[in-house]
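Coordinate analysis (summary)
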Amino acid sequence: MRDELLTPGLKVGLLGGSFNPAHEGHLHISRMCLKALGLDRVWWLVSPGNPLKPQTGMAPFEKRLASARAQARDPRIVVSGIEAKLGTRYTADTLAELTGRYPQVHFVWLMGADNMLQFPRWRNWREIAMTVPIAVYPRPGYTLKARLSPAAQALAPAILDSTDAALLPLMAPPALIFLSGPESPHSATEIREKSDWGRA
């Protein structure tokens with residue numbers, strides 16, 4: 001796909017998720033990361049199927065992809081279904097493929113503070129931390145817990161000061177930063193509960 005064309009030296013944030021559905025919160029955190037980290041673009045990696053999420057209430061892949069495209073109202077955001085093309089379901093495998101194909105692109109994994117608490121449950125999570133730098137964005141009720149989480153303690157020597165955010169994309173992993181800024185109250189769970197999303 002043309003919109004996934006990557007040139008050497010680009011700084012690209014990777015925001016993985018089900019996007020079930022995509023919402024204003026995804027746009028908010030993408031713009032926050034673009035600014036704080038000095039990224040050239042953010043890829044929304046729409047997952048064919050998240051191994052840690054139940055399939056009940058999960059809308060079809062094409063519907064979730066369409067919802068992300070409708071919500072990505074910023075020319076710097078690329079909505080990608082590349083995981084479906086690569087046949088990867090686990091983040092570690094996706095990152096291995098992307099860094100192998102584009103060795104001169106500076107990828108950064110973007111993760112919500114809520115996911116930081118679950119990070120040790122991800123397959124090969126330590127390998128992920130050794131593959132690309134990670135930026136953790138604030139989420140209501142999780143921001144402080146993420147800083148105190150087992151994953152954060154394990155990666156403590158790799159944590160940067162928040163004032164060094166712009167340096168993160170060019171740093172060799174492991175490198176981790178906790179971003180600060182306005183927290184978005186939007187959540188896909190709440191949207192699903194208040195609508196018929198996923199039932200069609």
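Residues numbered from 1 in each chain as written. Predicted model: local features only at pLDDT ≥ 70, side-chain atom pairs only at ≥ 80, totals over all residues. Heavy atoms only, no water.

On to the pairing of strand E2 (residues 41-46). Judged by how many residues are buried, E2 sits mostly within the fold: five of six residues are covered. Pairing of strand E1 (residues 11-17) with E2 involves six bridges; the strand directions are parallel. Bridge pairing in E2 places Gly13 opposite Val42. Sheet topology places E2 next to strand E3 (residues 77-80); four bridges connect them, and they run parallel. (Buried < 20%, exposed > 50% of the residue type's maximum accessible area, 1.4 Å probe, protein only. Helix = DSSP H or I, 4+ residues; strand = E, 2+ residues; numbered from the N terminus. Pairing = 2+ DSSP bridges.)

Our focus in this paragraph is the nonpolar core. Counting residues in hydrophobic clusters, the biggest one holds 32 residues, and the most contacted among them are Leu14, Trp43, Trp109, Met116, Phe119 and Ile134. Once residues lying within four places of it in the same chain are set aside, the contact partners of Met116 are Met111, Val136, Ala146, Ser149, Ala151, Ala152, Leu176 and Phe178. Counting 29 residues, the second-largest nonpolar core is a separate cluster that includes Leu15, Ile77, Val108 and Leu110. (Core = buried A, V, L, I, M, F, W, Y, C linked by side-chain atoms within 4.5 Å. Contact = heavy atoms within 4.5 Å.)

Of note, Asp74 is situated in the loop between helix H2 (61-71) and E3. For Asp74, a relative accessible area of 8% gives the class buried. Residues contacting Asp74, with those up to four places away along its chain left out, are Leu27 and Arg31.

Let's shift gears to helix H4 (residues 91-101). Inspection of H4 places Thr91, Ala92, Thr94, Leu95 and Leu98 among the buried residues, and these make up the whole buried set. Projected onto a plane normal to the axis of H4, the buried residues spread over an arc of 160 degrees and lie on a single side. Residues of H4 that are exposed and angled more than 90 degrees away from the buried face: Gly100 and Arg101. Of the surrounding elements, those touching the buried residues of H4 are E1, E2, helix H3 (82-86), strand E4 (106-112) and helix H6 (125-131). (Arc of directions from axis to C-beta.)

What links the strands of a sheet is backbone hydrogen bonding, and the strands pair in either a parallel or an antiparallel sense. With respect to topology, six strands assemble into an open sheet ordered E3-E2-E1-E4-E5-E6, the strand pairing being parallel. Two strands close off the open sheet at either side, each with one partner strand: E3 and strand E6 (176-178). On average, adjacent strands in this sheet sit at an angle of 25 degrees to one another, irrespective of strand direction. Across five bridges, the pairing between E1 and E4 is parallel. Paired with Lys11 across the strands is His106, a residue of E4. Against the sheet, helix H1 (residues 24-37) makes contact with E1, E2, E3, E4, strand E5 (134-137) and E6, and its axis sits at roughly 145 degrees relative to E2, the strand it touches most. Its contacts with the sheet place H4 against E1, E2 and E4, and it is angled at close to 160 degrees to E4. (Axes fitted to C-alpha atoms, helices over the stretch in contact; angles between N-to-C directions.)

Moving on, we get to H1. With 14 residues, H1 should cover 20 Å at 1.5 Å per step; its first-to-last C-alpha distance of 20 Å lies within 8% of that length. Three or more residues of H1 are buried, namely Gly25, His26, Leu27, Ile29, Ser30, Met32, Cys33, Leu34 and Leu37. (Expected span 1.5 Å × (residues − 1).)

Another aspect to go through is the pairing of E4. Most of E4 is tucked away: six of the seven residues are buried. Direction of pairing for E4 relative to E5: parallel, over a ladder of four bridges. Looking across to E5, one finds that Trp109 is bridged to Ile134.

Two side chains that carry opposite charge are able to pair once their charged atoms sit near each other. Per the counting criterion, the structure on display carries five salt bridges. Between Arg73 and Glu24 there is a salt bridge, with the nearest N and O atoms lying 2.7 Å from each other. A residue pair is termed long-range when its members are at least 10 positions apart, and Arg73 in the loop between H2 and E3 and Glu24 in helix H1 qualify at 49 residues. Judged by relative accessible area, Arg73 falls into the partly exposed class, the value being 44%. When its relative accessible area of 35% is taken as the criterion, Glu24 is described as partly exposed. The partner of Asp74 in a salt bridge is Arg76, with the nearest N and O atoms 2.9 Å apart. Taking the relative accessible area as the measure of exposure, Arg76 reaches 36% and is therefore partly exposed. Connected through shared salt-bridge partners, Arg31, Asp74 and Arg76 make up one network. (Salt bridge = Lys/Arg side-chain N within 4 Å of Asp/Glu carboxyl O.)

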